[in-house]
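Listed here are the chains, written in short residue letters.
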Amino acid sequence: MIAELGLAALWLATALSVLQIMSGVMGLRGDEKGAVLAMYARPAAVVQAFLAVFAFLLLLWAFAITDLSVKLVATNSHSMKPLIYKLTGTWGNHEGSMLLWVAVLALSGGLLAWMERRLPEKTMSATLAVQGFVALGFYAFLLLSSNPFERLPVPAMEGTGLNPLLQDIGLAVHPPTLYVGYVGLSVAFSLAMGALITKQVTPDFAKVMRPWVLFAWVFLTLGITAGSYWAYYELGWGGWWFWDPVENASLMPWLAATALLHSVSVLAARDALRTWTIMLGVLAFSMSMLGTFLVRSGVLTSVHAFAVDPERGSFILALLALYIGGALAIFAFRAGSIAEGKRFSVSSREGALVFNNVMLSAILAIVLLGTLYPLLTEAFDVRVSVGPPYFNPAGAIFAIPMFLVMAVGPLLRWKQDKPARIQFELMLLASVLISVVALVAILGDYAILPVLGLAFAVALAIASFLPLRGRNIARVPTATWGMVMAHFGVAVALFGMASESAFTQERLAAVTPGSTETVAGWTIALEGVDPVAGPNWTAVEARLSVARGDEEPTIITPQARNFWAPAQATSESALITRWDGQLYAVIGDQSDDGRWQLRVWWKPFVTFIWYGGLLISLGGVLSIIGRVRVDLKRRRATRKARERRDDKIAIGEQAQPEPAE
């Protein structure tokens, strides 16, 4: 009954999405009848969220008990797999991950309908109609081409197992956080379209939209950070970012969401950038949809790609064209009727934010071009590969001026300012930049981009805290601390990237038990290689005794595993973390003469990349807390003012003299 109940819940949710669309559209009429029909949109969204989440929980249960009568479980699980990987395997495949996507989408729409009361009713109706329309497309995709509850005619005797690369705790963190980020942008998209349709692109609308964008942005940051670290230690390649098309598919929505986050803040605070904010709302969700298409269409060959089914890809491409093409058509039709809002000087905080928005958009265009270009050339039977030699210098052209303005922008005043007012800060940052470049150039011969990265990292770290100069720290708003923390996180992550690029040392050797190798002051001795076995794999495990300087040796055990369900070989790296970097070791094959391939890297400050990602996320969380506190305080003040006004009216009525007879 699990599969039947799940399927029934999805069909009911689909029907409710249709009701949500119709009710929302009726709410746009503005008359009494429309208002009556519009009242069904909110409950339809809430019940739909309950049903979609219920369906996902049922699939989770089917994986937990290894129900081999369900085709998806039989093809992606195994009875001997550890429970944690049975559960995470629910979304480690195309159909399950799409159901998770749909459940998060419906939950977001349900929360929006249940919690949000500040928007004008017509705008809210339009928003819920758009959100229902987006949900309807994904329900159709799930039910018509990717049914996760399909039964087998005869239950399988045993499952075929999950891709061994996905049998890792990273699968429990990376996809769900990334999906929350992707789908959270759908709410921003629906709000943007709702405001555009009703021409209510106002600061109040921006204040409603901002927490949703922040929420999505925080989860996107966490998802990308977690995915980067997972790939780093799991794939055994020793790298943290490969410009893989699917990695790029997650980076592009993050870039667009970052630009949108800053733009919506300007609209909320200064009533400017109205059409630009709407455009970015459409762009951010477009990138999420494009990422979905790239991962599931079969056009990519990647370790991340979930599906290789062109029919499903065509379905998503049609949805992409429908949603984004429709949104752009509405934008083209309506944008002219939206006033741009208040004007500001180039030398102002708004001017700095707009400049960096343009830089982020340019970097997004570079990543998009580099991701799609190989696909376009392949259509003409020409295979090309686009990697770091293109992405790194092309991105740096726009990233460097962006970092410069990012350091200075928070120091400027709103509306209009004079650079001469902050000349001390400008000279300080210029001195730091020049000093770091000169120091690194003296220490060694390094590539220009890592050197610039180190210099900007130090300058940005200092600049992050300059907005607090001269202020009472105890009275600094929580949201301001969020900005400081996020910018500091960018500096920390940039420092990790530049250090890893400039100072990494590698040792590749063929070794026998008892032999010793050295790298970057570390001594690595191979003590032995033994066979080991896990619940669904066997492996050869190297025992390495490693020590830096005079410290006590530590034993690490990299493995070369072989899974039997499905049959696949993987490399399990072994890491030693120090405050200033990581030692990374992998064991390879045994050669004919009995020696083992051993590969060891010393990666200075590489962990700062992920510390920076966590700090950026923390900054977003602080901003959300700050905005929510301000909003609650404003609501309490409004309620008290209303109560006082009601009391005065009541007292006034009681004090009225009796009319003379």
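Each value, and the rule that gives it
Residues numbered from 1 in each chain as written. Predicted model: local features only at pLDDT ≥ 70, side-chain atom pairs only at ≥ 80, totals over all residues. Heavy atoms only, no water. Helix = DSSP H or I, 4+ residues; strand = E, 2+ residues; numbered from the N terminus. Rg over C-alpha atoms; globule rule 2.2 N^0.38 Å. Buried < 20%, exposed > 50% of the residue type's maximum accessible area, 1.4 Å probe, protein only. Core = buried A, V, L, I, M, F, W, Y, C linked by side-chain atoms within 4.5 Å. Contact = heavy atoms within 4.5 Å. Salt bridge = Lys/Arg side-chain N within 4 Å of Asp/Glu carboxyl O. Axes fitted to C-alpha atoms, helices over the stretch in contact; angles between N-to-C directions. Parallel < 35°, antiparallel > 145°, perpendicular 65-115°, else oblique. Left-handed = near helix turned anticlockwise from the far one by under 90°. Nonpolar A, V, L, I, M, F, W, Y, C, P; charged D, E, K, R; others polar. Polar contact = N/O pair within 3.5 Å; in protein donor to acceptor, adjacent residues only side chain to side chain. Patch = residues over 30% accessible without salt bridge, like charges linked within 9 Å, V, L, I, M, F, W, Y side chains within 5 Å. Areas by Shrake-Rupley, 256 points an atom, 1.4 Å probe, with all protein chains shown as cover. pLDDT = per-residue confidence, 0-100.

## Things to note about the overall build of the protein
- Helix and strand content of the protein: 18 helices and ten strands.
- Its C-alpha atoms give the protein a radius of gyration of 28 Å, near enough to 26 Å, the size a compact globule of 661 residues would have.
- Along the first, second and third principal axes, the C-alpha set of the protein runs to 120 × 75 × 55 Å.
- Sorting the 661 residues of the protein into buried and exposed places 53% on the buried side.

## What to know about the nonpolar core
- Counting 157 residues, the largest nonpolar core has F138, L191, F205, M209 and W217 as its most contacted members.
- In this structure W217 touches W254, A257, T258, L261, A486, I616 and G620, once residues within four positions along its chain are discounted.
- The next biggest cluster of nonpolar side chains, apart from the first, holds 20 residues, and it includes V511, A574, A585 and V600.

## Details of the pattern of salt bridges
- Evaluated as defined, the whole model comprises 21 salt bridges.
- Among the salt bridges present, the one from R595 reaches D593, with a minimum N-O distance of 3.0 Å.
- The shortest N-O distance in the salt bridge between R639 and E643 comes to 4.0 Å. Placement of the pair is R639 and E643 together in helix α18 (residues 608-654), with a separation of four residues, close to one helical turn.
- Given the relative accessible area of 38%, R639 is considered partly exposed.

## Considerations on unusual backbone geometry
- For K199, which is not glycine, the phi dihedral falls at a positive 60°.
- With respect to the helices and strands, the residue K199 is situated in the loop between α8 (170-198) and α9 (203-234).

## A word on the environment of I555
- Mapping I555 onto the fold places it in strand β5 (residues 554-556).
- With a relative accessible area of 45%, I555 lands in the partly exposed category.
- Discounting chain neighbours no more than four positions away, the residues touching I555 are E527, L544 and S545.

## A look at the packing of helix α1 (residues 2-26) against helix α7 (residues 121-145)
- Between α1 and α7, the shortest axis-to-axis distance is 8 Å and the interhelical angle comes to 150°. Judged by the angle between their axes, α1 and α7 are roughly antiparallel. For the element pair α1 and α7, the recorded crossing hand is left-handed. Of the residues in α7, those in contact with L7, L10, W11, A13, T14, S17, V18, Q20, I21, G24 and V25 of α1 are S125, A126, L128, A129, Q131, G132, F133, L136, Y139, L142 and L143.
- Taken together, the residues of the contact of α1 with α7 sort by class into 15 nonpolar, seven polar and no charged.

## Re the side chain of H78
- On the secondary structure map, H78 appears in the loop between α4 (71-76) and α5 (83-88).
- Judged by its relative accessible area of 8%, H78 is buried.

## Details of the side chain of T198
- Looking at the secondary structure, you find T198 in helix α8.
- Of note is the side chain of T198, whose polar atom sits 2.9 Å from the side chain of T123.
- Within the local environment of T198, its side chain forms a polar contact with the backbone oxygen of G194, the two atoms lying 2.9 Å apart.
- If we ignore the near neighbours within four places in the chain, the residues touching T198 are L28, K122, T123 and A126.

## Comments concerning a nonpolar patch on the surface
- Taken together, the side chains of V46, L107, L111, W114 and M115 present a nonpolar region at the surface, about 480 Å² in accessible area.
- Considering every element that reaches the nonpolar patch, the biggest residue donor is helix α6 (residues 94-115), with four residues.
- With respect to the element layout, L107 can be found in helix α6.
- According to the relative accessible area criterion, L107 is partly exposed, its value standing at 41%.

## Quick notes on the confidence of the model for the protein
- The share of residues in the protein with pLDDT of 70 or more is 96%, and the mean pLDDT across the chain is 89.
- Of all secondary-structure elements in the protein, the lowest mean pLDDT belongs to helix α2 (residues 32-38), at 80, while helix α16 (residues 448-465) reaches the highest, 96.

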